[in-house]
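Architecture at a glance
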Amino acid sequence: MALTGVQIYKFLPKTNCKECGFPTCLSFAMKLAQRSTELSACPYVSDEAKQNLEAASKPPIRLITVGTGKKKIEVGNEVVLFRHEKTFVHQTGIVYRIKDSDADPVAKAKEAASYTIERVGIDMSIDGIAVQNDSGDAAKFAKCAADIKAAVDVALILISSDTAALKAALEVIGDDKPLIYAATVDNAEAMIELAKEYSCPLAIYGNGLEEVAGLTEQATKAGLEDLVIDPATRGYCDSLTALTQLRRLAIKKSFSLLGYPVITFPGEGAESADDEAMLAGMHIAKYSSIIVLDNFLPAIVYPLLTTRLNIYTDPQKPIQMAAGVYPLGEPTPDSCLCVTTNFSLTYFSIAGELESSGFPSWLLVCDTEGLSVLTAWAAGKFEAERIAKAIKDFKVADSISHKKIILPGGVSILKGELEDELPDWEILIGPREAMAIGSYLKQNWS
Amino acid sequence: MPPVEIPTEKWSGQVHQVTLGSNGRKSVTVGGETTLPYLHFDGSIPNKTAVAVEIQDMAPADWSPSLLSAWGDAVNDPAAWAKKAVEYGAEVLLLSLKSAHPDEGNTGVAEAKAVTDKVLSAVDIPLIVLGPGVADKDNEVLPAVSETARGQRIAIGNCEEKNYRTVVAVCIADGHVAIPCSPVDLNLAKQLNILLTDAGLPLDAILMDPTTGALGYGLEYTYSVMERLRLAGLGGDKMTSMPFINNVGEDVWKQKEAKVAQGLPESWGDLKQRAIVWEEITATTLLQAGSNLLVLRHPSSVEKVAAAIAKLMG
């Protein structure tokens, strides 16, 4: 938890000199508490005060970057326990684990890294490949890492308990800033040295939070800041507990020794691919920063990417569709035309119902800045003029042979105005609920 | 090792405990927790989330082939379907009176009573009955259902502004649990609970349905309204402390991801597995938001989700 204005004020000179741009030290302190100014604005703050204040204004969970390319993983810097309080910020990194002893690691890596699927106009894909040293052979591990790096452009994680093998791999791919996994009580000193030498982020594995805290303390004392933690929990119950405790410690207590992103391995606690998927979904919702999957199947990755998209959507900024005319179910010029708004959920609701209605249709989506039908109408952003303009702008007349448009029942009140805007059109009033469109069309459109 | 003081929460409220099934019928109790979902270190979680299976009073015309094939011929006979659901691990049964919908068959009181009796005789697990979701039809058939099930403590839904009076009256008279349904809105959910309790329904006779959006189709809206309601309830607001029921199967199996196999990019993967995982993940994500009763459709989801719940109970 950040310091309050009053707590910060205690560290300031209390001279009200105004050189920071604020009338009093107290008002400066309030602004600092809101993070709307910088401590450096005050020329007279003591070194001791600086230290204390900087420690308190550190983000509760450090921002860590894995990888360097366009597809690097950035996680951390979360500030809330519940997405509805503000939003979750840096979406969970999704990584696929490959072993250097696998039959064709490069092919597997390529398949996973190149996987992409579109949803709501967003292209989703995974973020990284973890290479595990199962062979016990340092040279083989290094070659595998190098081959994979050459074949894909995603972030990398190097997994080994053998520092010599890690060093061999880092020699060839260290520039890529892979995550080194992991330092444990048995090898922390050597792992820390490796991470320092190659300037890579380091994972810390500890049995229980106190063991982890002891290791992060050791790492930070040695000058390392970029850490990711693994509290060694692998099941549903224990991982939920640890993830929740860690997030609370960071957000509510600013407990800096554990203020780092968390990495989880849902595959290790799972009995099947489905089980891994459910546990991974839970980890995405409940505070994991990086999940490492052991099963790569499109039928499972697609739902997980969607889970991540849903949980990490900013509740204040709902996803919008691009405005335009959408064909649903292979419509012809005789097919019906419905109109709706560009809130993605609205779009998907009506589009889904139209697609399962058995009636191929055209759906005109108006730009209402992402608001739903009733909300947009109430805000004056879904009215006759806008609909008429959309019909013109998107050349609706080119796709259909008739001049009938179905209005959502909730805005039947627009019928009169829309008739004025479109004098040679017939304005039909559809149902209030998307679910009823099928039965509406059965009765009214043949 | 540096000491780590685990921050625990001390809530002043708790989730109401609701029991379904009585008088010889097996009973299932949900709710009662004194903390957020499955955080055993923080409070007590006396009851796990229950898993219900949805069956319908007529063979579904538009179900995904991979769902229909899992049930086979049983979908033609509600009693057989109910028995099969129990075999597949259902702890509670949800009977949806689809045939009472004006578009589907417009069946009435006689059929509703008959099918409810049939299902009640076929299995001994608790029952939930949902009307067709059209206010005047619900008001017509639900009282008949309530009466024929008197004493068995079933749950009856959905209760909305237009029909809650009827449902509440019969729930009180016949000893059942009501399911108020609100459109992903915290204030409307609370308001409906106030209306129900003001009308005399006891606090332990309500299961809240916040309206479930499937993964990718509104999941996060349901998720967040549930978290907000649960936090308010744990903070002491008795009008938001009812256990949640989530009808996952209904929204998931409507979606393209659960129905379509042809004409899709390879990145969508295999239909059968994708559809089941879609239902599983919708369900298990909502567990994190406080779901106390999950209604599912596919036998595989029932098995896997129940296993996940057992693990969450520690």
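What you see is a predicted model, and the numbers here were worked out from it, not measured in a lab.

Moving on, we get to the overall build of chain B. Along its length, chain B carries eleven helices and nine strands. For a compact globule of 314 residues, the expected C-alpha radius of gyration is about 20 Å, and chain B comes in at 19 Å, within 12% of that figure. When its C-alpha atoms are laid out on the principal axes, chain B stretches across 65 × 55 × 35 Å. Counting only residues that meet the buried cut, chain B has 54% of its 314 residues in that class. Sequence-distant contacts, at least 24 apart, represent 71% of the contacts inside chain B between residues at least 6 apart.

As a further point, take the sheet that holds strand 8 (residues 179-183) of chain A. All names here are of chain A. The strand order across the open sheet built from eight strands is 10-9-8-7-6-3-12-11, with neighbouring strands paired in parallel fashion. Looking along the sheet, the strands with just one partner apiece sit at the ends: strand 10 (227-230) and strand 11 (263-264). Sheet analysis places strand 9 (residues 202-205) next to strand 10, joined by four bridges and oriented parallel. Bridge pairing links I204 to I229 in strand 10. Against the sheet, helix 4 (residues 105-114) makes contact with strand 3 (93-99) and strand 6 (128-132), and its axis sits at roughly 165° relative to strand 3, the strand it touches most.

Attention shifts here to helix 7 (residues 188-198) of chain A. All names here are of chain A. Among the residues of helix 7, A188, M191, I192, L194, A195 and Y198 are the ones counted as buried. Buried residues of helix 7, seen end-on, are gathered within an arc of 160° and therefore sit on one face of the element. Looking at the packing, one finds that the buried side of helix 7 touches helix 6 (163-173), strand 8, strand 9 and helix 8 (209-221).

Quick look at the sheet that holds strand 4 (residues 92-96) of chain B now. Residues and elements named next belong to chain B. If you walk across this open sheet you meet the seven strands as 7-6-5-4-3-9-8, and the pairing is parallel. Of all the strands in the sheet, the pair left with one neighbour each is strand 7 (177-180) and strand 8 (244-247). With strand direction ignored, the average angle separating the axes of adjacent strands in the sheet is 25°. Across four bridges, the pairing between strand 3 (residues 50-56) and strand 9 (residues 291-296) is parallel. Looking across to strand 9, one finds that A52 is bridged to V295. The strands touched by helix 10 (residues 271-288) are strand 8 and strand 9; relative to strand 9, the strand with the most contacts, the crossing angle is about 170°. Along the sheet, helix 11 (residues 299-312) makes contact with strand 3 and strand 9, crossing strand 3 at roughly 165°.

Bringing the interface of chain B and chain A into the picture now. Often the size quoted for an interface is simply the accessible area lost on bringing the parts together. If you look at the interface, chain B gives 42 residues, while chain A gives 52 residues. Within the residue set of the side of chain B that touches chain A, elements represented by two or more residues are helix 7 (219-234), helix 10 and helix 11 of chain B. At nine residues, helix 10 of chain B tops the list of elements feeding residues into the side of chain B that touches chain A. The class makeup of the residues in the side of chain B that touches chain A is 18 nonpolar, eleven polar and 13 charged.

Residue and element names in this part refer to chain B. In terms of burial, strand 6 (residues 155-159) is largely enclosed, as five of its five residues are buried. Note: strand 5 (residues 127-130) against strand 6, three bridges, orientation parallel. The residue bridging L130 from the neighbouring strand is G157, located in strand 6. Summarising the sheet, strand 6 and strand 7 pair through four bridges and their orientation is parallel. By the bridge assignment for strand 7, A155 is matched with V177. As for the winding sense of the linkage, the β-α-β connection from strand 6 through helix 5 (residues 164-174) to strand 7 is right-handed.

Right, let's get into the domain arrangement of chain A. When the domains of chain A are assigned, the result is domain 1 (5-57), domain 2 (64-312) and domain 3 (324-444). On a C-alpha basis, the centroid separation for the pair domain 1 of chain A and domain 2 of chain A is 37 Å.

Our focus in this paragraph is the nonpolar core. Of all hydrophobic cores here, the largest spans 230 residues; its most connected members are I129, L202 and L258 of chain A together with A52, L93 and A178 of chain B. Among the domains, domain 2 (64-312) and domain 3 (324-444) of chain A are the pair contributing at least three residues each to this core. Apart from residues lying up to four places away in sequence, L93 of chain B is in contact with A52, V53, I55, A82, A85, V119, V123, I125, L127 and I128 of chain B.

In this structure, the amide linkage connecting Y181 of chain A to the following residue, A182 of chain A, adopts the cis form with an omega of -5°. Mapped onto the secondary structure, A182 of chain A falls in strand 8. Omega for the bond connecting G157 of chain B with N158 of chain B falls within 30 degrees of zero, at -10°, which places this linkage in the cis form. Secondary-structure assignment places N158 of chain B in strand 6. One non-glycine residue, K14 of chain A, lies in the positive phi region at around 60°. Within the secondary structure, K14 of chain A is located in the loop between helix 1 (5-9) and helix 2 (25-33). For K14 of chain A, a count of 13 C-beta atoms within 10 Å puts it in the partly exposed group. Although it is not a glycine, K177 of chain A adopts a positive phi angle of roughly 50°. Overall, K177 of chain A belongs to the buried group, with 20 C-beta atoms counted inside 10 Å.

The subject of this paragraph is the packing of helix 2 (residues 78-87) of chain B against helix 3 (residues 109-122) of chain B. Each pair of packed helices gets described by two things: the angle between the helix axes and the distance between those axes. All names here are of chain B. Between helix 2 and helix 3, the shortest axis-to-axis distance is 9 Å and the interhelical angle comes to 35°. Relative to helix 3, the crossing made by helix 2 is right-handed. Between helix 2 and helix 3, the residues in contact are P78, A79, A82 and K83 and V115, K118, V119 and A122, respectively. By residue class, the composition of the contact of helix 2 with helix 3 is six nonpolar, no polar and two charged.

Residue position: T116 of chain A is located in the loop between helix 4 and strand 4 (117-119). Of the residues examined, T116 of chain A has 12 C-beta atoms within 10 Å and is grouped as exposed. Separated by 29 residues in sequence, T116 of chain A and T87 of chain A place their C-alpha atoms 25 Å apart. Ignoring sequence-local partners within four residues, the contact set of T116 of chain A consists of D123, M124 and S125 of chain A together with S267 of chain B.

Moving on to the environment of A434 of chain A. As for its position among the elements, A434 of chain A is in the loop between strand 17 (426-429) and helix 16 (437-444). Remark: the alpha-carbon pair of A434 of chain A and I94 of chain A, spanning 340 residues in sequence, is separated by 34 Å.

What follows concerns the packing of helix 7 of chain B against helix 10 of chain B. Residues and elements named next belong to chain B. Between helix 7 and helix 10, the least distance of the axes is 9 Å, while the angle of their chain directions is 20°. In terms of axis orientation, helix 7 runs roughly parallel to helix 10. Crossing handedness for the pair helix 7 and helix 10: right-handed. Mapping the contact onto sequence places L219, T222, Y223 and M226 in helix 7 and T282, T285 and L286 in helix 10. When its residues are assigned to classes, the contact of helix 7 with helix 10 shows four nonpolar, three polar and no charged.

In a regular helix each residue adds 1.5 Å, so 15 residues correspond to 21 Å; helix 11 (residues 298-312) of chain A covers 21 Å between its end C-alpha atoms and thus fits that length. A large share of helix 11 of chain A lies buried, amounting to 13 of its 15 residues.

Rules behind the numbers
Residues numbered from 1 in each chain as written. Chains lettered and ligands numbered in written order. Predicted model: local features only at pLDDT ≥ 70, side-chain atom pairs only at ≥ 80, totals over all residues. Helix = DSSP H or I, 4+ residues; strand = E, 2+ residues; numbered from the N terminus. Rg over C-alpha atoms; globule rule 2.2 N^0.38 Å. Buried ≥ 20, exposed ≤ 12 C-beta atoms within 10 Å, placed from the backbone. Contact = placed C-beta atoms within 7 Å. Pairing = 2+ DSSP bridges. Axes fitted to C-alpha atoms, helices over the stretch in contact; angles between N-to-C directions. Arc of directions from axis to C-beta. Nonpolar A, V, L, I, M, F, W, Y, C, P; charged D, E, K, R; others polar. Right-handed = clockwise from strand over helix to strand, strands pointing away. Domains from an automatic or database assignment. Core = buried A, V, L, I, M, F, W, Y, C linked by C-beta atoms within 7 Å. Left-handed = near helix turned anticlockwise from the far one by under 90°. Parallel < 35°, antiparallel > 145°, perpendicular 65-115°, else oblique. Expected span 1.5 Å × (residues − 1).

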